[in-house]
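Single-letter residue listing:
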Amino acid sequence: MDKNILKESNYSINKAVKYLNCGKLVAIQTETVYGVACNPGNIKSIKKLYELKQRPAFNPLIIHVNSFKMVEEIAYADKFSRLVMEKFWPGPLTLILHRKKSNLIHDFAISGLETIAIRMPRSKVLNNILLRFRKPIAAPSANESGYVSATDAQHVIDSFGKKIDLIINSGRSFYGLESTILDTTSKPFEIKRLGVIDNQKIENLTGIKINPFQFKSKDNNIKPNSPGQMLKHYSPITPLKINVLKPKHNDAFLNFGTKIFIHHKPSLNLSKKSNLDEAAYNLFDYLRKLDKLNKSRIAVAPIPNKGIGKTINERLHRASI
Ligand code: TXA
Ligand code: MG
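To start, this report covers the structure provided alongside it.

1. Observations concerning the layout of surface pockets
Empty pockets left among the atoms are what a rolling probe the size of a water molecule brings to light.
No. 1: Roughly 260 Å³ of internal volume is contained in the second largest pocket.
No. 2: Lining the second largest pocket are 15 residues, and of these Leu 194, Asp 198, Asn 199, Gly 307 and Lys 310 sit closest to its centre.
No. 3: At the level of secondary structure, the elements contributing two or more residues to the lining of the second largest pocket comprise α7 (199-206) and α9 (308-319).
No. 4: Here the element with the most residues in the lining of the second largest pocket is α9; it accounts for three residues.
No. 5: The class makeup of the residues in the lining of the second largest pocket is eight nonpolar, four polar and three charged.
No. 6: Formed jointly, the lining of the second largest pocket draws a minimum of three residues from each of two domains, domain 1 (5-211) and domain 2 (240-320).

2. Quick notes on helix α4 (residues 79-88)
No. 1: Ser 81, Val 84, Met 85 and Phe 88 are the residues of α4 that are buried. With its buried residues spanning 100° around the axis, α4 presents them on a single face. Structural note: α4 exposes Lys 79 and Glu 86 on the side pointing more than 90 degrees away from its buried face.
No. 2: Packing partners of the buried residues in α4 comprise α3 (68-74), β6 (93-99), β10 (180-183), β11 (189-193) and α7.
No. 3: Taking the backbone nitrogen of Phe 80 as reference, a side-chain oxygen 3.1 Å away marks Asp 78 as the first, capping residue of α4.

3. Here's the deal with the sheet that holds strand β1 (residues 5-7)
No. 1: Across the sheet, which stays open at both edges, the four strands sit in the order β1-β9-β2-β3 with mixed pairing between neighbours. In the strand order of this sheet, the two ends are held by β1 and β3 (34-37), each with one partner. Here the strands of the sheet are splayed against their neighbours by 25° on average, with no regard to which way each runs.
No. 2: Inspection of the sheet shows strand β2 (residues 26-29) paired to strand β9 (residues 166-169) by two bridges, in the parallel sense. Residue Ala 27 lies in a different strand from β9, and its bridge partner there is Ile 167.
No. 3: In the packing of helix α1 (residues 10-21) onto the sheet, contacts are made with β1, β2, β3 and β9, and the angle to β9 comes to roughly 150°.
No. 4: Helix α5 (residues 124-133) rests against β2 and β9 of the sheet, and its axis sits at about 130° to β2.

4. Quick word on the sheet that holds strand β15 (residues 267-269)
No. 1: Spatially, β13-β16-β14-β15 is the arrangement adopted by the four strands of the open sheet, whose pairing is parallel. Among the strands making up the open sheet, the edge pair consists of β13 (240-241) and β15.
No. 2: Taken together, the two bridges between β13 and strand β16 (residues 297-300) define a ladder with parallel strand orientation. Within β16, the residue paired with Leu 240 across the bridge is Ile 298.
No. 3: Across the sheet, helix α8 (residues 276-291) is in contact with β13, β14 (251-255), β15 and β16; its angle to β14 comes to roughly 170°.

The rules behind the values
Residues numbered from 1 in each chain as written. Chains lettered and ligands numbered in written order. Predicted model: local features only at pLDDT ≥ 70, side-chain atom pairs only at ≥ 80, totals over all residues. Heavy atoms only, no water. 1 Å grid on protein atoms, 1.4 Å probe; cavity = no way out; pocket = protein on both sides within 12 Å on 5 of 7 lines; lining within 4 Å. Points joined across faces, edges and corners; volume = space filled by probe spheres on them. Helix = DSSP H or I, 4+ residues; strand = E, 2+ residues; numbered from the N terminus. Nonpolar A, V, L, I, M, F, W, Y, C, P; charged D, E, K, R; others polar. Domains from an automatic or database assignment. Buried < 20%, exposed > 50% of the residue type's maximum accessible area, 1.4 Å probe, protein only. Arc of directions from axis to C-beta. Contact = heavy atoms within 4.5 Å. Polar contact = N/O pair within 3.5 Å; in protein donor to acceptor, adjacent residues only side chain to side chain. Pairing = 2+ DSSP bridges. Axes fitted to C-alpha atoms, helices over the stretch in contact; angles between N-to-C directions.

See below:
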């Protein structure tokens with residue numbers, strides 16, 4: 001095993017905290033996807049992170065916290081956003097709030113915005129690190145900007161190799177898709193990125209009206225509805241085509257269910273049982289695997305557009321542009 005990758009343990013967690021304290025970058029599993037963590041109060045480590053990911057400076061980071069007290073130090077939350085936090089945290093939901101100036105968050109980590117995206121993760125390893133670090137942690141997904149997200153430690157190695165100071169291997173991420181982003185600075189609140197939790201679920205549990213996600217087309221790509229949410233994203237290097245019923249001879253096929261072309265080679269099946277949660281869990285892993293085959297095209301079978309299938313389709317759509 002590579003030297004910069006360690007299994008999750010007391011030793012690796014302490015090492016991660018030490019590294020974060022001295023401005024180094026550490027890849028950590030979260031319940032959604034792997035993130036590259038840095039200290040958002042340290043300009044040098046933020047710069048290192050943007051350079052590692054080749055991330056445009058206008059794309060702000062998500063800040064991870066482990067207490068409401070920590071939220072209060074860096075943001076203003078009204079009673080409605082607090083209610084959402086109480087119902088969904090810790091978990092795969094990020095809230096955009098008005099930012100409170102603080103030494104804990106450098107302007108550069110949030111692209112100089114007046115708002116800030118915050119999430120309290122459920123991930124055990126990240127919570128252990130937050131507990132010992134005792135400050136917020138910035139962690140964008142652990143992939144090169146625009147490429148397929150990482151859902152296990154090997155994906156992080158494939159993306160960054162030795163360029164990252166430490167990777168903690170905690171196995172696969174539970175969901176396999178990024179957190180839902182809810183903007184609470186606009187009224188009504190609005191979903192800015194589809195994820196595991198949908199607007200209906202938030203409305204049901206809180207009674208607050210939530211505007212659904214606005215799908216973008218190529219025409220409004222110039223003005224992303226969330227900074228950095230460029231239309232093309234999550235993209236393998238191999239061109240990708242969605243809603244394919246009949247793969248071509250030279251395609252790498254990403255199938256779903258057992259209704260069509262189960263004998264095509266090469267192919268991977270997101271879920272033979274047609275289970276959308278399983279498909280979400282496998283999505284990024286299989287896209288990376290098929291990308292490695294260097295075929296002329298990755299063809300993807302239709303995925304039912306309901307529940308988490310909507311998020312899968314949104315990711316695939318953006319990967320196909
Ligand atoms: O599940 C997740 O959210 C993962 C794990 C690691 O926590 N993180 C993640 O981070 O997906 P990233 O950097 O890949 O995506 C963050 C998204 C970007 O699209 C960014 O534009 C948006 O959050 N964002 C951050 N701050 C924002 C703000 N103030 N307003 C609107 N969007 C914001
Ligand atoms: Mg990302």
